[in-house]
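# Fold and contact review
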Amino acid sequence: MKEQLKNALVFPRTLFRELIELQTCPHAGHFAERDQVCWACDQEILCQWLYRNDECAPVELRALEQIVESLESAMAIVGAHVDAGDHGRRVCPCDLCFWLRDTENLLADAYTALCRERNERPNVPSLSRAP
Ligand SMILES: [Zn+2]
């Protein structure tokens, strides 16, 4: 499951790198957490996503939940991009729409896996123990 989710991160990573306008960026596309300029930039969403999800962040060490969150935010960004153009998301053959449909299915499986993970957790505080 994790491997599939990890692979799904490759597309938005490549796409966002292409979308970022480097000419106007003082940090060559590297999000600088301490620079006010970055927080006020209209490319902040893309840069921040890349900053948090680059290849150096070892996916193996991240919880399934975090990877799911990364994919959800990537879907929101790609979705907004697609909605600004003339795509019919459900039928459009372009890479973006294909990725959106694919990832949506993948996430549905991931939610199931997450629920299972939660239910199997041994130390779930029980409501019956309330005073
Ligand atoms: Zn499309």
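### Topic: the overall build of the protein chain
Of the regular secondary structure elements, the protein chain holds six helices and zero strands. Seen in sequence order, the protein chain has helices and strands lined up from the N terminus as α-α-α-α-α-α. Per-residue burial over the protein chain gives 15% buried out of 131 residues.

### A short note on helix α4 (residues 44-52)
When α4 is considered as a whole, its buried residues turn out to be Leu 46, Cys 47 and Trp 49. End-on view of α4: buried residues confined to an arc of 160°, all on one side of the axis. Check the buried side of α4 and you find it contacts α2 (10-19), α3 (36-40) and α5 (64-84).

### As for the packing of α2 against α4
Put simply, α2 and α4 touch, their axes get as near as 10 Å, and they point 140° apart. When the axes of α2 and α4 are compared, the pair comes out oblique. Note on packing geometry: the crossing formed by α2 with α4 is left-handed. Along its contact with α2, which presents Arg 13, Phe 16, Arg 17 and Leu 19, the element α4 presents Leu 46, Trp 49 and Leu 50.

### With respect to the environment of Leu 64
By the secondary structure assignment, Leu 64 is in helix α5. For Leu 64, a count of 15 C-beta atoms within 10 Å puts it in the partly exposed group. Sequence separation between Leu 64 and Lys 6 is 58 residues; the distance between their C-alpha atoms is 9.9 Å. Among all residues touching Leu 64, those that are not within four sequence positions of it are Lys 2, Ala 110, Ala 113, Leu 114 and Glu 117.

### Overview of the confidence of the model for the protein chain
Averaged over every residue, the pLDDT of the protein chain is 86; residues scoring 70 or more account for 87%. For the protein chain, per-element mean pLDDT is lowest for helix α1 (residues 2-8), which scores 90, and highest for α2, which scores 94.

### A look at the nonpolar core
Note that soluble globular proteins tend to have their nonpolar side chains buried in a common cluster. Membership of the largest hydrophobic core comes to 15 residues, with the highest contact counts inside it found for Leu 5, Ala 8, Leu 46, Trp 49, Leu 71, Ala 74 and Val 78. With four residues, the top contributor of residues to this core is α5.

### Let's talk about the packing of α4 against α5
The N-to-C vectors of α4 and α5 enclose an angle of 150°; their axes lie 11 Å apart at closest approach. For the element pair α4 / α5, the angle class is roughly antiparallel. With respect to the hand of their crossing, α4 and α5 are arranged in left-handed fashion. For the pair α4 and α5, contact is made by Ile 45, Leu 46 and Trp 49 and by Ser 73, Ala 74 and Ile 77, respectively.

### Describing unusual backbone geometry
Positive phi outside glycine occurs at Ala 28, with the angle close to 50°. By the secondary structure assignment, Ala 28 is in the loop between α2 and α3. On the basis of neighbour counts, which here come to 7 C-beta atoms within 10 Å, the residue Ala 28 falls in the exposed class.

About the criteria used
Residues numbered from 1 in each chain as written. Predicted model: local features only at pLDDT ≥ 70, side-chain atom pairs only at ≥ 80, totals over all residues. Helix = DSSP H or I, 4+ residues; strand = E, 2+ residues; numbered from the N terminus. Buried ≥ 20, exposed ≤ 12 C-beta atoms within 10 Å, placed from the backbone. Arc of directions from axis to C-beta. Contact = placed C-beta atoms within 7 Å. Axes fitted to C-alpha atoms, helices over the stretch in contact; angles between N-to-C directions. Parallel < 35°, antiparallel > 145°, perpendicular 65-115°, else oblique. Left-handed = near helix turned anticlockwise from the far one by under 90°. pLDDT = per-residue confidence, 0-100. Core = buried A, V, L, I, M, F, W, Y, C linked by C-beta atoms within 7 Å.

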